[in-house]
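Each chain, letter by letter, is given below.
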Amino acid sequence: MKDTSKITIIACISIAAIIIAVIAITVPMKNTQENVQTAYAGVKREYWLFNSDVPLFNETKTGMPHDAFSMPVISALKGDTIVIHFFNTEESTGDHHSFTIWDKPYNINVEVSPGENKTITFVATTAGVFTYYCTFHQPTMRGQLIVELPNP
Ligand SMILES: [Cu+2]
């Protein structure tokens, strides 16, 4: 093989390697930028929340209800509108549940009857960590509303 052919092959391989390296670096960067752009505050964040229970949980032995929220954490950025569709699936047992936040400035207390669902809408006006409760099933049925400050 002539030297010029070898040089041409080496040049082609080098150019291909550079193109692959540029693509490998820029494609993940583009995805990261898109992820950052979706983290804006002031958007609607919608959640579907159910009552749940822990199987094989001995309520008599532990002295606690087996009930829990299907979501132990609801998160948002300050300024977001939070929409929670809360379902009480216990049509057969007749159990009531509630979604309740007493921590200021939030003041929410929505009760759902057996088999009922309700939509709870509020604006996350204050950043912080707030506990949401079911007033009927304590201390087990609770979760954390986490409202973070958006990036400046
Ligand atoms: Cu409950």
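One structure accompanies this document, and this report is about it.

Rules and cut-offs
Residues numbered from 1 in each chain as written. Predicted model: local features only at pLDDT ≥ 70, side-chain atom pairs only at ≥ 80, totals over all residues. Heavy atoms only, no water. Donors = N, O, S within 2.8 Å, 3.2 Å for Na, K, Ca; no water. Tetrahedral: all angles 85-135°; square planar, octahedral: opposite > 155°, others 65-115°. Buried < 20%, exposed > 50% of the residue type's maximum accessible area, 1.4 Å probe, protein only. Pairing = 2+ DSSP bridges. Helix = DSSP H or I, 4+ residues; strand = E, 2+ residues; numbered from the N terminus. Axes fitted to C-alpha atoms, helices over the stretch in contact; angles between N-to-C directions. Salt bridge = Lys/Arg side-chain N within 4 Å of Asp/Glu carboxyl O. Core = buried A, V, L, I, M, F, W, Y, C linked by side-chain atoms within 4.5 Å. Contact = heavy atoms within 4.5 Å. Phe/Tyr/Trp six-rings, centres within 6.5 Å; stacked < 30°, edge-to-face > 60°.

With that settled, the discussion passes to the coordination of the copper ion. Between any two of four tetrahedral donors, the ideal angle at the metal is 109.5 degrees; between two of six octahedral donors, it is 90 or 180 degrees. Coordination of the copper ion by the protein comes from His97 (ND1), Cys134 (SG), His137 (ND1) and Met141 (SD), over a distance range of 2.0 to 2.5 Å. For the copper ion, the four donor atoms are set out with angles of 95 to 130 degrees between them, so the coordination reads as tetrahedral. The sequence pattern formed by the donor residues of the copper ion is H-x36-C-x2-H-x3-M. A relative accessible area of 0% places Met141 in the buried class.

A separate point is the sheet that holds strand 4 (residues 81–87). With mixed pairing, four strands are arranged side by side in an open sheet as 2-1-4-7. Single-partner strands in this sheet number two, and they are strand 2 (67–69) and strand 7 (117–123). Adjacent strand axes in the sheet meet at a mean angle of 20 degrees, parallel and antiparallel pairs treated alike. As judged from the seven bridges shared by strand 1 (residues 44–53) and strand 4, these two strands associate in the parallel manner. Residue pairing in the sheet places Phe50 in a bridge with Phe87 of strand 4.

Tallied over the entire structure, the rule returns one salt bridge. Of the charged contacts in the structure, one is a salt bridge between Arg45 and Asp80, with a shortest N-O distance of 2.4 Å. In this pair, Arg45 sits in strand 1 while Asp80 sits in the loop between strand 3 (73–77) and strand 4, placing the two residues 35 residues apart along the sequence. Among the residues examined, Arg45 registers a relative accessible area of 22% and is labelled partly exposed. According to the relative accessible area criterion, Asp80 is buried, its value standing at 0%.

A separate point is the nonpolar core. Core analysis: the biggest nonpolar cluster contains 23 residues, and Ile82, Ile84, Phe99 and Leu145 have the highest contact counts within it. Of all elements in the fold, only strand 1, strand 3, strand 4, strand 5 (97–101), strand 6 (108–112), strand 7, strand 8 (128–133) and strand 9 (142–148) reach the threshold of two or more residues within this core. Every residue in contact with Ile82, bar those within four places of it in the chain, is listed here: Arg45, Tyr47, Ile74, Ala76, Ile120, Thr121, Phe122, Ala124 and Leu145.

Two aromatic rings are characterised by how far apart their centres lie and by the angle between their planes. One pass over the full model with this rule turns up nine aromatic pairs. Aromatic pair Tyr106 and Phe130: ring centres 4.8 Å apart, planes at 80 degrees, arrangement edge-to-face. Taken as a pair, Tyr106 in the loop between strand 5 and strand 6 and Phe130 in strand 8 lie far apart in primary sequence, 24 residues in all. In this pair, the class of Tyr106 matches that of Phe130, namely buried. A network of ring pairs unites the aromatic residues Phe69, Phe86, Phe99 and Tyr132 as a single cluster.

With that out of the way, let us pick up the environment of Phe87. If you trace the backbone, Phe87 turns up in strand 4. Between the alpha carbons of Phe87 and Thr119 there is a distance of 8.8 Å; along the sequence they are 32 residues apart. Not counting the four nearest positions on each side in its chain, Phe87 is found in contact with Trp48, Leu49, Phe50, Asn51, Glu116 and Asn117.

Burial of the side chains of strand 9 is restricted to one face: Gly143, Leu145 and Val147 are buried, whereas none of Arg142, Gln144, Ile146 and Glu148 on the reverse face is. By the bridge criterion, five bridges tie strand 3 to strand 9 in an arrangement that is parallel. Residue Leu77 lies in a different strand from strand 9, and its bridge partner there is Glu148. Here strand 8 pairs with strand 9 via six bridges, running antiparallel.

Nothing here speaks to function; it is geometry throughout.
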